[in-house]
Amino acid sequence: MSKHILVVGGAGYIGSHVVRQLKQAGYIPVIFDNLSTGHKASVKDEHFVWGDVRQSHDLDRAFHDYPIEGVMHFCAKSLVGESMEKPELYFENNVEGGHQLLKSMVKNKVKSIIFSSTAATFGQPNESPITESTPQHPTNPYGESKLIFEKMLHWFDVAHGVKSVALRYFNAAGADDSGEIGEDHTPETHLLPIIFQVLKGQRDALTIYGDDYPTPDGTCVRDYIHIKDLGKAHILGLQYILGEQRSTSFNLGNGQGFSVKEIVTQTELVTGKKVKVVYGARRPGDPPTLIASSEKIKKELGWAPSYHLDKIIETAAHWHFSHPKGYEN
């Protein structure tokens, strides 16, 4: 019998792509979302429970209505700048919401969780590439809230036997190859979607914040990973946690960094269109370089990224040009 997996925040960008891959892998995804940032259209024909992760009765209803055997937790506020201005939102949603989820799991005897963590837990590390043992010193409330939940996972394992896999993403990008689902945020803060907004005439120009970083071309360098490669890691993590019953964490990236200017140039090559660029001042807290070492998950779970930068951009272009207004289409 197929296992029911509760996907908390399953109507969001990453969650909706993982939902599709869960189904393809033979699981039954149950989406739990309040649609504050997610899109029902991205998971239109799936089992859906409207609920707020901060409300225990909403969570208990989902566990009561379905024979849940594992949880994937994507629900989080994730805007770094907003977290600096309104930290209370991030601790309420990401920490207290996560706390309610763990309590509901214990109450309903579900003891396996895959957590959507982030490279932001590392802050501005002194080493590159970043490994799982790199010290975690967040520089913003978003990263802090994710690290707090990672620590909560440890203590819920000690006290209640809840086993977890924390997957620390670097820069998720791209879209499903079908072009049916993709990235649609309001407001948009991610580099590739902003570039496509410029190319679609929805934004005057791309602002590059800082061109004087200690990098080859002066702009920030980041590690980009395709959304389906992320999804593949979640499936492997789920299989691991349901089988091994041992908590762990993994970094997820391509292991290669690309600067903002390189992303712009590659997008121009893929689309044949020119991106208008203007320059602004550095943003506080932006590390010059963030590159992941994914050697641990490659060795232990056999995962490897299969999408390179040109393919990441091609799938993003397919989605953005076929859905110029996102899910409003």
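Anything mentioned here points back to the structure above.
What you are looking at is a predicted structure, and each value in this text was computed from that prediction instead of being measured. (Residues numbered from 1 in each chain as written. Predicted model: local features only at pLDDT ≥ 70, side-chain atom pairs only at ≥ 80, totals over all residues. Heavy atoms only, no water.)

A tally of helices and strands in the chain yields 10 helices and 13 strands. Taking 2.2 N^0.38 as the reference for a compact globule, 329 residues should give roughly 20 Å; the C-alpha atoms of the chain span a radius of gyration of 19 Å, in line with that estimate. Intrachain contacts of the chain at a sequence separation of at least 6 include 77% that bridge at least 24 residues. When the accessible area of the chain is evaluated, it comes to approximately 14,300 Å², of which 50% is carbon and sulfur surface. For the chain, the centre of its 34 positive side-chain charges and the centre of its 39 negative side-chain charges are spaced 2 Å apart. (Helix = DSSP H or I, 4+ residues; strand = E, 2+ residues; numbered from the N terminus. Rg over C-alpha atoms; globule rule 2.2 N^0.38 Å. Contact = heavy atoms within 4.5 Å. Areas by Shrake-Rupley, 256 points an atom, 1.4 Å probe, with all protein chains shown as cover. Lys, Arg positive; Asp, Glu negative; His and termini not counted. Charge placed at Lys NZ, Arg CZ, Asp CG, Glu CD.)

Turning our eyes to something else, we now look at the packing of aromatic side chains. Per the stated rule, a full pass over the model turns up 4 aromatic pairs. Taken together, a centroid distance of 4.9 Å and an interplanar angle of 50° make the contact between Trp319 and Tyr327 tilted. Of the two residues, Trp319 and Tyr327, both sit in the buried class. The ring centre of Phe321 lies 5.8 Å from the NZ or CZ of Lys273, which sits over that ring. Taking the ring centre of Tyr213 as reference, the NZ or CZ of Arg282 above it sits at 4.1 Å. (Phe/Tyr/Trp six-rings, centres within 6.5 Å; stacked < 30°, edge-to-face > 60°. Buried < 20%, exposed > 50% of the residue type's maximum accessible area, 1.4 Å probe, protein only. Lys NZ or Arg CZ within 6 Å of the ring centre and 35° of its normal.)

On to the pattern of salt bridges, then. As enumerated under the stated definition, the model contains 16 salt bridges in all. Between Lys228 and Asp177 there is a salt bridge whose closest N-O contact spans 3.2 Å. Of the two residues, Lys228 is situated in helix 7 (residues 227-244) and Asp177 in the loop between strand 7 (171-173) and helix 6 (191-199); the sequence distance between them amounts to 51 residues. Overall, Asp177 belongs to the partly exposed group, its relative accessible area being 30%. Residues joined in a network through salt bridges with shared partners are Arg20, Asp176 and Glu180. (Salt bridge = Lys/Arg side-chain N within 4 Å of Asp/Glu carboxyl O.)

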